[in-house]
Amino acid sequence: MEEVKKILYSAVQPSGCVTLGNYLGAIKNWVDLQESYNCMYCVADLHSITVRQTPADLRKRSVELLSLFLACGLDPEKNIMYFQSHVPAHAELAWILNCYTYMGELSRMTQFKDKSQRHADNINAGLFTYPVLMAADILLYQTDLVPVGVDQKQHLELARDIAARFNGIYSETFKIPEPYIAKVGAKIMSLTEPTKKMSKSDPNPKGFISVVEDADSIAKKIKSAVTDSEGSIRRGEGKEGIENLMSILSATSGESIESIESRFAGKGYGEFKAEVAEAVVECLRPIKEKYDQYMQDKAYVEKVYTEGAQHAQYLARRTLDKVYRKVGFVKR
Ligand code: TYM
């Protein structure tokens, strides 16, 4: 008998360009894991309006992001790809789970604290309850594994707590998901401020690399990446810039950090940065080429996300029906 594959779930917000951090911390691992799991990949558009978006840009970026999933090598024959707003079950389950999540838990979320500082003029309730929607995303599909970067670990822990709490009250309803955080690349830092994570919402474009950026621009940004004045290529305190470039080289080329350290012993930053730039450009080149092709084939991309949403809604409804029954809603 064929073994039933476990379920993998992950998502990216269409709130800016997709960065090298998103790729190395998340999407690259999705590609590596797609053969071993039944996978769901979501464009988390509901999440992205917790920060003000320009509607036309959001619409455009959402389609671009789904095209990028395809360009990165995710196979729509084997996996489900869709827009979160096309599957109403996400918002429905989020409401229910809101009633099983405490204000105190949400107040402790570091991303909420960061974002409410950065968007002090718009600290909306959605920003506060964002992790509950994320828990709903994951729990709707009885997910086993969630590949994410380090910054999402706290949200995932909350999703596990909410699931366990609900199961404790109403009997087994949700699978408790496990995080999958890669050894290398799970926290790619900004090129201009290497103590901060690389972020698509960084107002300084020199801090991040877009997955579809052209080769010259990538090389320039890496060449001007902030390092230190010590001049040696090794890990250590005050070496965040060099460490970050080593992680980028390791994650894009497959070479271990130890091997990079010993190969570059006694060599200068110029030579090192040139090699990092080349590795990044080579890693992203095929993605950019495929992305340009998918962007020309709107009908195909539309078919992928339309069928994806139908399939996702069917699966999500099964969990939602169970939840509605357990909390005591009358059967429709
Ligand atoms: P988002 O859109 O900020 O990022 C998408 C994925 O990229 C990872 N990531 C990074 N990894 C390494 N280095 C970085 N500098 C870096 N920046 C981002 C993130 O950890 C994430 O895995 N809330 C999520 C989206 C989401 C989600 C979900 C994820 C919504 N529902 C359900 C998993 C499961 C977010 O804002 O990711």
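Residues numbered from 1 in each chain as written. Predicted model: local features only at pLDDT ≥ 70, side-chain atom pairs only at ≥ 80, totals over all residues. Heavy atoms only, no water.

(A) Broad picture of the site of the ligand. As a structural note, the neighbourhood of the ligand is formed by 27 residues, with Gln13, Tyr130, Asp137, Asp151 and Ile188 the closest of them. The contact in question runs from a nitrogen atom of the ligand to an N or O atom on the backbone of Met198, over 3.0 Å. Within the complex, 98% of the 710 Å² of free accessible area of the ligand lies under protein. Residues belonging to the shell around the ligand are distributed by class as follows: 13 nonpolar, nine polar and five charged. (Near = heavy atom within 4 Å. Polar contact = N/O pair within 3.5 Å; in protein donor to acceptor, adjacent residues only side chain to side chain. Areas by Shrake-Rupley, 256 points an atom, 1.4 Å probe, with all protein chains shown as cover. Nonpolar A, V, L, I, M, F, W, Y, C, P; charged D, E, K, R; others polar.)

(B) Here's a closer look at the pairing of strand β2 (residues 37–43). β2 sits mainly inside the fold: six of its seven residues count as buried. When strand β1 (residues 6–12) meets β2, the two strands line up parallel, connected through seven bridges. Of the residues in β2, the one forming a bridge with Val12 is Val43. Between the parallel elements β1 and β2, the chain passes through helix α1 (residues 20–33) in a crossover that is right-handed. Alignment of β2 against strand β3 (residues 80–83), held across four bridges, turns out to be parallel. Directly across from Met40, in β3, lies its bridge partner Ile80. (Buried < 20%, exposed > 50% of the residue type's maximum accessible area, 1.4 Å probe, protein only. Helix = DSSP H or I, 4+ residues; strand = E, 2+ residues; numbered from the N terminus. Pairing = 2+ DSSP bridges. Right-handed = clockwise from strand over helix to strand, strands pointing away.)

(C) Just the domain arrangement of the protein, in detail. Along its sequence, the protein is organised into domain 1 (7–185 + 297–327) and domain 2 (205–292). Centre-to-centre, using C-alpha coordinates, domain 1 lies 29 Å away from domain 2. Of the residues lining the interface, 14 residues belong to domain 1; the matching set on domain 2 comes to 16 residues. When domain 1 packs against domain 2, close to 1300 Å² is buried across both sides, 79% of that on carbon and sulfur atoms. For the domain 1 face of the interface with domain 2, the top three residues by lost area are Leu20, Ala71 and Val184, together amounting to 41%. Here domain 1 is connected to domain 2 by zero salt bridges. Our count for the contact surface shared by domain 1 and domain 2 stands at two residue pairs in polar contact (both at pLDDT 80 or more). Within the residue set of the side of domain 1 that touches domain 2, elements represented by two or more residues are α1 and α3 (55–71). (Domains from an automatic or database assignment. Contact = heavy atoms within 4.5 Å. Buried area = accessible area lost by both parts, 1.4 Å probe. Salt bridge = Lys/Arg side-chain N within 4 Å of Asp/Glu carboxyl O.)

(D) Expanded view of helix α6 (residues 110–118). Regarding α6, the residues found buried are Gln111, Phe112, Lys115 and Ser116. Within α6, the buried residues cover an arc of 125° as seen down the axis, which keeps them to one side. If you follow the buried residues of α6, they end up packed against α5 (103–107), α7 (125–139) and α8 (153–170). (Arc of directions from axis to C-beta.)

(E) Layout of the side chain of Lys221. Checked against the element boundaries, Lys221 lands in helix α9 (residues 215–223). At 2.7 Å, the side chain of Lys221 and the backbone oxygen of Pro205 are in polar contact. When residues no more than four places from it in sequence are discounted, the contact partners of Lys221 are Leu191, Pro205, Lys206, Phe208, Ile209 and Glu213.

(F) Seen up close, the nonpolar core. Within the largest apolar cluster, 59 residues are counted, with the highest numbers of intra-cluster contacts made by Tyr23, Phe69, Phe272 and Leu284. For this core, the element with the most residues is helix α12 (residues 269–296), which contributes twelve residues. Inspection of this core shows a minimum of three residues originating in each of domain 1 (7–185 + 297–327) and domain 2 (205–292). In this view, Phe272 contacts Ile233, Ile242, Leu245, Met246, Leu249, Ile260 and Phe264; residues no more than four positions away in its chain are not counted. Residues Tyr9, Ile80, Leu133 and Phe166 belong to the second largest nonpolar core, which totals 42 residues. (Core = buried A, V, L, I, M, F, W, Y, C linked by side-chain atoms within 4.5 Å.)

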